[in-house]
Amino acid sequence: MLEPLNFDVAIIGGGIAGVSIARELSQYSINVAVIDMHDDVGLESTSTNHNLVCQGGDSLSFRPGTLHAELNIKSIPLWPKLADELNFPLKRVGGLWLIRDKADFKRYLRLYSRAFKSSLEPNAPYYIPEGSFQPLEFVNRKQLLDMEPYVMPNALGALHDPNLCIIDPIKVAKALAENAKANGVEFLLKQEVTKIERQGITYSIYTRQGLIIKSTFVINASGIEVDRVAEMVSARNFSIVPLKGTLTDFDEEVGKLISHEVHVLPRMEDLPHVKAVLPNIYGFARSGIYLELTYKSDKAVREEAVNHNIKVAKELFPEIPFERHIVKSFTGFMAYTNADTGWHDFVVDIPDYVPNWINIVLGPAGVSASPMLGKKVIELLIQSGLRLEPKKGFDPRARRGVSS
Ligand SMILES: Cc1cc2nc3c(=O)[nH]c(=O)nc-3n(C[C@H](O)[C@H](O)[C@H](O)COP(=O)(O)OP(=O)(O)OC[C@H]3O[C@@H](n4cnc5c(N)ncnc54)[C@H](O)[C@@H]3O)c2cc1C
């Protein structure tokens, strides 16, 4: 039997949530471990998404008053600093939301006026810090075609959000983890958590591979497995449904013809799917999202999902022969809350009766909100009595490899 390893904070999950929190905690003089079942970080939902960093325009469509909206908006000014410190590409491509008729225009007019207010009024529920947001603008058909020459010719114009960014989320997760490691965080990879026991305010975490990790605080950042892990200590005070998304990538021949994230509002008959095409930072194009409610184990790429993604790409860019340039299609899962009401929120919460335990549920737009997530978790840890003394010698740029 191995000797237990002792930590002040154990983070279960090395996705964007876990590594963002780890990096934030690495500024303080405490012992922190990140546990993940894979041999590297960022290999689940963090690696299978749209690669967008919401930078204001799109986040303004999130439900007011939710943590989903708050953490996204507050993360906006944090991204450029993070990209500079950790040296990863953050490319401002901008978004074009196509207007086909009056109904589209009316929807976007509401978003436009919300964006306008949010960048002016410090007391607005959605205040976007000055200097971190360029105003949204309506563009007419000619301006639209100048910006995206191959876009659907029957679009009347578009709402242009110049702020929207793309990243490589795996690269970002790795950079955060490597910086956390260089600042003293331990990474216990290839360790699958199978059992957790609570003795008062101390937790013993057992892995399939035989490790025992003792910790005073536990952060459950296990992505789509968050409910199963919470159940191990009766700490599940939320419900999620697994929302599966299928995305399709096209090669550079096609990628070089698309410069913005371009999307149209789905009509009734298109729901619940998303209709968007965007470039990625390596020059590919990505289309989707075909959405399904299904079992977590159902990772299959279905033909109808790929066909949907090609159809969407061709609807938005009719002249581009996407079907001849497919590189791959893949699926990813989002943990969706409030499926009954139809709007989503994050969970960043200490359940009643389970002290020193924090559940994290991100779901849609979780990567975009991750810089502020770390700061929110620090607040909760301090409220729970963890003493955090700044660490002498913390280096926001240092790197040390984590994969095993
Ligand atoms: C199709 C799609 C498109 C999306 N597009 C965007 C987008 O454009 N922008 C955006 O901001 N967000 C987007 N999202 C959402 C975003 O991907 C998620 O919010 C985010 O990746 C969630 O991160 P996470 O760290 O919570 O989960 P994950 O990345 O899934 O990480 C959880 C980690 O926990 C580990 N784990 C689980 N169980 C255990 C266990 N028992 N023991 C040890 N380790 C365990 C896993 O190995 C994994 O590494 C999209 C999601 C999907 C599916």
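Remember, predicted model here, so these are calculated numbers, not experimental data.

Here's the deal with the site of the ligand
Neighbouring the ligand are 41 residues, the closest being Gly-15, His-50, Gly-223, Gly-245 and Gly-366. There are two domains that each give the shell around the ligand at least three residues, and those are domain 1 (5–48 + 170–240 + 344–383) and domain 2 (241–336).

Points about the sheet that holds strand E5 (residues 95–99)
By definition, the strands of a sheet pair up through backbone hydrogen bonds, in either a parallel or an antiparallel sense. Spatial ordering of the open sheet is given by E6-E7-E5-E14-E15-E16-E13-E17, a layout of eight strands whose pairing is mixed. Whereas interior strands pair on both sides, the edge strands pair on one side only; in this sheet they are strand E6 (137–140) and strand E17 (326–336). On average, each strand axis in the sheet is tilted by 25° relative to the strand beside it, whichever way the strands run. Relative to strand E7 (residues 157–161), E5 runs antiparallel, the two being bridged by five bridges. Following the sheet pairing, Leu-96 is matched in E7 by His-160.

Examining the sheet that holds strand E3 (residues 52–53)
If you trace the three strands from one edge of the open sheet to the other, you get E3-E8-E4, paired in antiparallel fashion. Each edge of the open sheet carries a strand with a single partner, namely E3 and strand E4 (91–92). With two bridges connecting them, E3 and strand E8 (residues 165–166) associate as antiparallel partners. For Leu-52, the partnering residue across the bridge sits in E8 and is Ile-166.

Focus on unusual backbone geometry
Peptide bonds are trans in most cases, and residues, glycine excluded, mostly fall at negative phi. Here the residue pair Gly-288 and Ile-289 is connected by a cis peptide bond, since its omega of 10° sits within 30 degrees of zero. With respect to the helices, strands and loops of the structure, Ile-289 is situated in strand E16 (residues 285–293). Here Asn-51, not a glycine, exhibits a phi torsion of approximately 70°, which is positive. Along the chain, Asn-51 falls in the loop between strand E2 (32–35) and E3. With 23 C-beta atoms counted inside 10 Å, the residue Asn-51 sits in the buried group.

Some details on the domain arrangement of the protein chain
Splitting the protein chain by domain gives domain 1 (5–48 + 170–240 + 344–383) and domain 2 (241–336). Just the C-alpha atoms count here: the centres of domain 1 and domain 2 sit 30 Å apart. Of the residues lining the interface, 11 residues belong to domain 1; the matching set on domain 2 comes to 10 residues.

Brief notes about the packing of helix H2 (residues 67–75) against helix H10 (residues 366–383)
Helix-helix packing is described using two parameters, namely the angle between the two axes and the distance between the axes. Between H2 and H10, whose axes approach to 7 Å, the crossing angle comes to 100°. It follows that H2 is roughly perpendicular to H10 by the angle criterion. Residues Leu-71, Asn-72, Lys-74 and Ser-75 of H2 lie in contact with H10, whose contacting residues are Ser-368, Ala-369, Pro-371, Met-372, Leu-373 and Lys-376. Classifying every residue of the contact of H2 with H10 by side-chain character gives five nonpolar, three polar and two charged.

Looking at the nonpolar core
Membership of the largest hydrophobic core comes to 117 residues, with the highest contact counts inside it found for Ala-10, Ile-11, Ala-22, Ile-35, Ile-219, Val-277 and Ile-360. Setting aside its immediate chain neighbours within four residues, Ala-10 contacts Ala-33, Ile-35, Ile-205, Ile-213, Ser-215 and Val-218.

Describing the environment of Thr-46
Here Thr-46 is to be found in the loop between E2 and E3. Taking the C-alpha atoms as reference points, Thr-46 and Phe-333, 287 residues apart in sequence, are found 9.5 Å from one another. For Thr-46, the residues in contact, after removing those within four places along its chain, are Gly-15, Ile-16, Pro-169, Ile-170, Ala-173 and Val-367.

Basis of the calculations
Residues numbered from 1 in each chain as written. Predicted model: local features only at pLDDT ≥ 70, side-chain atom pairs only at ≥ 80, totals over all residues. Near = placed C-beta within 6 Å. Domains from an automatic or database assignment. Pairing = 2+ DSSP bridges. Helix = DSSP H or I, 4+ residues; strand = E, 2+ residues; numbered from the N terminus. Axes fitted to C-alpha atoms, helices over the stretch in contact; angles between N-to-C directions. Buried ≥ 20, exposed ≤ 12 C-beta atoms within 10 Å, placed from the backbone. Contact = placed C-beta atoms within 7 Å. Parallel < 35°, antiparallel > 145°, perpendicular 65-115°, else oblique. Nonpolar A, V, L, I, M, F, W, Y, C, P; charged D, E, K, R; others polar. Core = buried A, V, L, I, M, F, W, Y, C linked by C-beta atoms within 7 Å.

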